[in-house]
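Okay, here's what each chain looks like letter by letter:
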Amino acid sequence: MRPPVVAGQFYAGFESSLQEQIEWCYTHEYGPGNVPEVKVGPRIIIGLVSPHAGYPYSGPVAAHGFRALAEDGMPQTVVLVGPAHRQTQGVFVDTNKRWSTPLGQVEVDLELTKEITSKAKFIIEDSVAHFDEHSLEVQLPFLQHLFGSGFRITPIIMGVNEMSQEISVKLGNAIVKAIKKLNRDVLVLASSDFIHYGIVYGYVPVTGSVSEILRWIKRVDQETISKIEKLNVSGFFEVLKKYNSTTCGFGPIAVVMTAVKALGAKTRTLKYATSSETTGGGGTSQIVGYASIVFEK
Ligand SMILES: [Zn+2]
């Protein structure tokens, strides 16, 4: 079993405080407004882009995506695709049978994991790459808050060198083939934040007042998001290159774009905001963009 590694850091460390924190995200000024009830739903959401910062920063934006999932109903399996924040080489599926958070345990869909791995030979089966990575773990409490332990997960981490267009497209297509072969009702979730601006991130392409910088970040993120909305994978990579983008999970986003395109999807951006807005912080030393984007068949 994979134990939680960022409980008490990225999100509250105990069950009751974590439930409260998730409800705070839903009812936050930048959240969707209310804590959702899970419905049987049409199950048309097949992809999601969701942020992965600490809940006080990105939780209210993330809550928009999870509210849409609540209304859509529970998928059988959530394929979680995230970037490695630690320097590592490879694409890694996890070999643990279960993941745990303060809200309980979730089973890994080992059958789907194996099927995806058999269709993309570059994938490495390795728990070590997953052990200290937060980008997938932070998605779990929101899913557990909605669906308990009724769903399973397939966790996939991509190293920065593997987040190329070529490998992302191959992985996206392998996921689609595996979903079709096993006839699974799957949600493919890309865990990513958008522009990381500021001296803290070594990324200061423009300077100016807080409002000027926020305007620039939003413009660049909107340009990136418009390519995601059009499922234009090569255009998406061109925008990343144009701005030397600090969007951390660009490979996972391209994986989801590829998968939902093959499955036939329409895109809806539910919410975009920066950490400057969600926290009410005034500085420019670190500002991060967050978005919740759903893909519906
Ligand atoms: Zn990140």
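Everything discussed here concerns the structure shown above.
Everything in this summary refers to the structure shown in the same document. (Residues numbered from 1 in each chain as written. Predicted model: local features only at pLDDT ≥ 70, side-chain atom pairs only at ≥ 80, totals over all residues.)

This part is about the overall build of the chain. Broken down by element type, the chain carries eleven helices and eleven strands. The principal-axis extents of the C-alpha atoms in the chain amount to approximately 50 × 45 × 35 Å. Counting across all 297 residues of the chain, residues that qualify as buried make up 52%. Restricting to contacts in the chain with at least 6 residues of sequence separation, those with at least 24 account for 85%. (Helix = DSSP H or I, 4+ residues; strand = E, 2+ residues; numbered from the N terminus. Buried ≥ 20, exposed ≤ 12 C-beta atoms within 10 Å, placed from the backbone. Contact = placed C-beta atoms within 7 Å.)

Turning to the packing of helix α8 (residues 210-229) against helix α9 (residues 233-242), a few remarks are in order. Axis separation between α8 and α9 bottoms out at 8 Å; the angle between their running directions is 165°. Classified by the angle between their axes, α8 and α9 sit roughly antiparallel to one another. Handedness of the α8/α9 crossing: left-handed. Between α8 and α9, the contacting residues are Glu 223, Thr 224, Lys 227 and Ile 228 on the first element and Gly 235, Phe 236 and Val 239 on the second. By residue class, the composition of the contact of α8 with α9 is three nonpolar, two polar and two charged. (Axes fitted to C-alpha atoms, helices over the stretch in contact; angles between N-to-C directions. Parallel < 35°, antiparallel > 145°, perpendicular 65-115°, else oblique. Left-handed = near helix turned anticlockwise from the far one by under 90°. Nonpolar A, V, L, I, M, F, W, Y, C, P; charged D, E, K, R; others polar.)

One broad trend across soluble globular proteins is that nonpolar side chains are buried collectively. One finds Val 79, Val 81, Ile 175, Val 188, Leu 189 and Val 256 to be the most contacted residues of the largest nonpolar core, which totals 92 residues. When near neighbours in sequence (up to four residues on either side) are disregarded, Val 81 contacts Ile 156, Met 158, Val 188, Leu 189, Ala 190, Ser 191, Pro 252, Val 255 and Val 256. (Core = buried A, V, L, I, M, F, W, Y, C linked by C-beta atoms within 7 Å.)

With 18 residues, helix α7 (residues 165-182) should cover 26 Å at 1.5 Å per step; its first-to-last C-alpha distance of 26 Å lies within 8% of that length. Among the residues making up α7, those that are buried are Ile 167, Ser 168, Leu 171, Gly 172, Ala 174, Ile 175, Val 176, Ala 178 and Ile 179. Immediately beyond the C-terminal end of α7, within one or two residues, lies Asn 183, with a positive phi of roughly 50°. (Expected span 1.5 Å × (residues − 1).)

The description of two helices packed together rests on the angle between their axes and the distance between the axes. Closest axis-to-axis distance for the helix α3 (residues 110-119)/α7 pair is 8 Å, and the angle between their directions is 130°. Considering their axes alone, α3 and α7 lie oblique with respect to each other. For the crossing formed where α3 meets α7, the hand is right-handed. Taking contact as the criterion, the partners of Glu 111, Leu 112, Glu 115, Ile 116 and Lys 119 in α3 are, on α7, Ala 174, Ile 175, Lys 177, Ala 178, Lys 181 and Leu 182. Partitioned by chemical class, the residues of the contact of α3 with α7 number six nonpolar, no polar and five charged.

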